[in-house]
Number of protein chains: 2
Amino acid sequence: MDRFDAHILRELQRDSHIAVADLAERIGLSTSACHRRVKLLESSGMIDGYSARVNPKALGLDLEVFVDITLTSQSQEAMDAFEKAVQLYDEILECVLTTGTADYILRIVARDVAHYDMIHRRCLARLPGVSGMQTSFALRSIKSWRGYPVPG
Amino acid sequence: MDRFDAHILRELQRDSHIAVADLAERIGLSTSACHRRVKLLESSGMIDGYSARVNPKALGLDLEVFVDITLTSQSQEAMDAFEKAVQLYDEILECVLTTGTADYILRIVARDVAHYDMIHRRCLARLPGVSGMQTSFALRSIKSWRGYPVPG
DNA sequence: TTTCCTTCGGTACACCGATGAGCATGGTAA
DNA sequence: TTACCATGCTCATCGGTGTACCGAAGGAAA
């Protein structure tokens, strides 16, 4: 992990469709050296894979919701049941077990409030062992995901 | 947006490095038809771009933190100042203005607790107009980001 | 210092895959 | 029916990817 690798990771997080030759020029290396480094970053697991960034607005997904979940019990069984149920619903994009007031944080997308209401009734209300939910609707994105910071 | 486009979006969110020929076979279309659809999805803005998925563990970023921020004032000036300051720090990956008890939700990554402490002192403590912070450390990821759900 | 070895970048090139032209087909409206 | 549009397929071309080989730089040991 030197400055070349760091530069490659930054560029590929921004745009992975760039040709290796262009990437090489941008970081100041020959095509083959750059190519070799990219393959090494892939095989070492530094790069997990490549994804298309889909525009949620274009899909009609205008509503983003964060839900803090509190369970009635922190027993192994209760948590297993909850975590298993979370996997079932595609509308739940992310779920994290956390410290703090809540037990879990969910990230959800929906088309609109009516759609979220449906998700709430059809998915969230069916999650087992939930004692409390605190819902936060996203009003505006101040800073959106642009990859992890790479030092160097 | 028919079932072919939906299928393409799902596949490209999973793996955008797939060859067009393979993608075409997977969705049941010829290479050129598939290629044309992909280009159309790009130019229409449905696909925003392509990114490498970097493994945060491999970068030594083991700690993920969610911070709920409350401002002292919801005036335009206070919010503008806060939002501007948020842009300055690379360690703040995401920031969303929300309804609910907090005003903003921040998502932050750090190497470890000591590193987070440094970020807290050097970045978070300098954000203007903040009256309260509620920190949640991620203990475990139950469901991690795998793209938006595409209907059809 | 010399030699060997390892590591890493550069050059050249074969070949695979992206790209686009041209044609076929089916659905729709005049 | 005819014209037209949308969309699929085949095929040829060209650029980029991936690789083999060479050379330079740096370190270790005699």
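Owing to the predicted nature of the structure, the values given are computational and were not obtained by experimental measurement.

1. Digging into the protein's contact with DNA strand C
- In the vicinity of DNA strand C, the contacting residues are Leu29, Ser30, Ser32, Ala33, Arg36 and Arg37 of chain A together with Ala19, Val20, Ala21, Ser32, His35 and Lys39 of chain B.
- Within 4 Å of the protein, the contacting atoms of DNA strand C are 62% sugar and phosphate, with bases supplying the remainder.
- Taking serine 30 of chain A, its main chain carries an N or O atom lying 2.5 Å from a phosphate oxygen of DNA strand C.
- Separating a phosphate oxygen of DNA strand C from a side-chain N or O atom of histidine 35 of chain B is a distance of 2.7 Å.
- Elements with a minimum of two residues in the surface near DNA strand C: helix H3 (31–43) of chain A together with helix H2 (20–27) and helix H3 (31–43) of chain B.
- The greatest single-element share of the surface near DNA strand C, amounting to 4 residues, is contributed by H3 of chain A.
- Here the residues of the surface near DNA strand C are counted per class, giving 5 nonpolar, 4 polar and 3 charged.

2. Section: the domain arrangement of chain A
- What the domain assignment reports for chain A is domain 1 (3–43) and domain 2 (63–137).
- Centre-to-centre, using C-alpha coordinates, domain 1 of chain A lies 39 Å away from domain 2 of chain A.

3. Brief notes about the pairing of strand E3 (residues 92–98) of chain B
- For E3 of chain B, the tally of buried residues reaches 7 of 7 residues, placing the bulk of the element in the interior.
- The pairing of strand E5 (residues 130–143) of chain A with E3 of chain B spans 4 bridges and is classified as antiparallel. Looking at the pairing, alanine 138 of chain A lines up with threonine 98 of chain B of E3 of chain B.
- Pairing of E3 of chain B with strand E4 (residues 104–110) of chain B involves 5 bridges; the strand directions are antiparallel. For valine 96 of chain B, the partnering residue across the bridge sits in E4 of chain B and is isoleucine 105 of chain B.

4. Some points on the packing of helix H1 (residues 3–14) of chain B against H3 of chain B
Residues and elements named next belong to chain B.
- Packing of H1 against H3 leaves a shortest axis separation of 10 Å and a crossing angle of 75°. Between H1 and H3, the angle is such that the two are roughly perpendicular. Between H1 and H3, the contacting residues are Phe4, Asp5, Ile8, Leu9 and Leu12 on the first element and Cys34, Arg37, Val38 and Leu41 on the second.
- Within the contact of H1 with H3, the residues separate by chemical class into 7 nonpolar, no polar and 2 charged.

5. Brief notes about the environment of isoleucine 18 of chain A
Residue and element names in this part refer to chain A.
- Relative to the helices and strands, isoleucine 18 resides in the loop between helix H1 (3–14) and helix H2 (20–27).
- By relative accessible area, which is 16% here, isoleucine 18 ends up buried.
- Non-local contacts of isoleucine 18, meaning those with residues more than four positions away in its chain, are made with Leu12, Leu23 and Arg26.

6. Observations regarding the environment of leucine 63 of chain B
- Summarising the element assignment, leucine 63 of chain B is placed in strand E2 (residues 63–71).
- Between the alpha carbons of leucine 63 of chain B and alanine 110 of chain B there is a distance of 5.1 Å; along the sequence they are 47 residues apart.

Each value, and the rule that gives it
- Residues numbered from 1 in each chain as written.
- Chains lettered and ligands numbered in written order.
- Predicted model: local features only at pLDDT ≥ 70, side-chain atom pairs only at ≥ 80, totals over all residues.
- Heavy atoms only, no water.
- Near = heavy atom within 4 Å.
- Polar contact = N/O pair within 3.5 Å; in protein donor to acceptor, adjacent residues only side chain to side chain.
- Helix = DSSP H or I, 4+ residues; strand = E, 2+ residues; numbered from the N terminus.
- Nonpolar A, V, L, I, M, F, W, Y, C, P; charged D, E, K, R; others polar.
- Domains from an automatic or database assignment.
- Buried < 20%, exposed > 50% of the residue type's maximum accessible area, 1.4 Å probe, protein only.
- Pairing = 2+ DSSP bridges.
- Axes fitted to C-alpha atoms, helices over the stretch in contact; angles between N-to-C directions.
- Parallel < 35°, antiparallel > 145°, perpendicular 65-115°, else oblique.
- Contact = heavy atoms within 4.5 Å.

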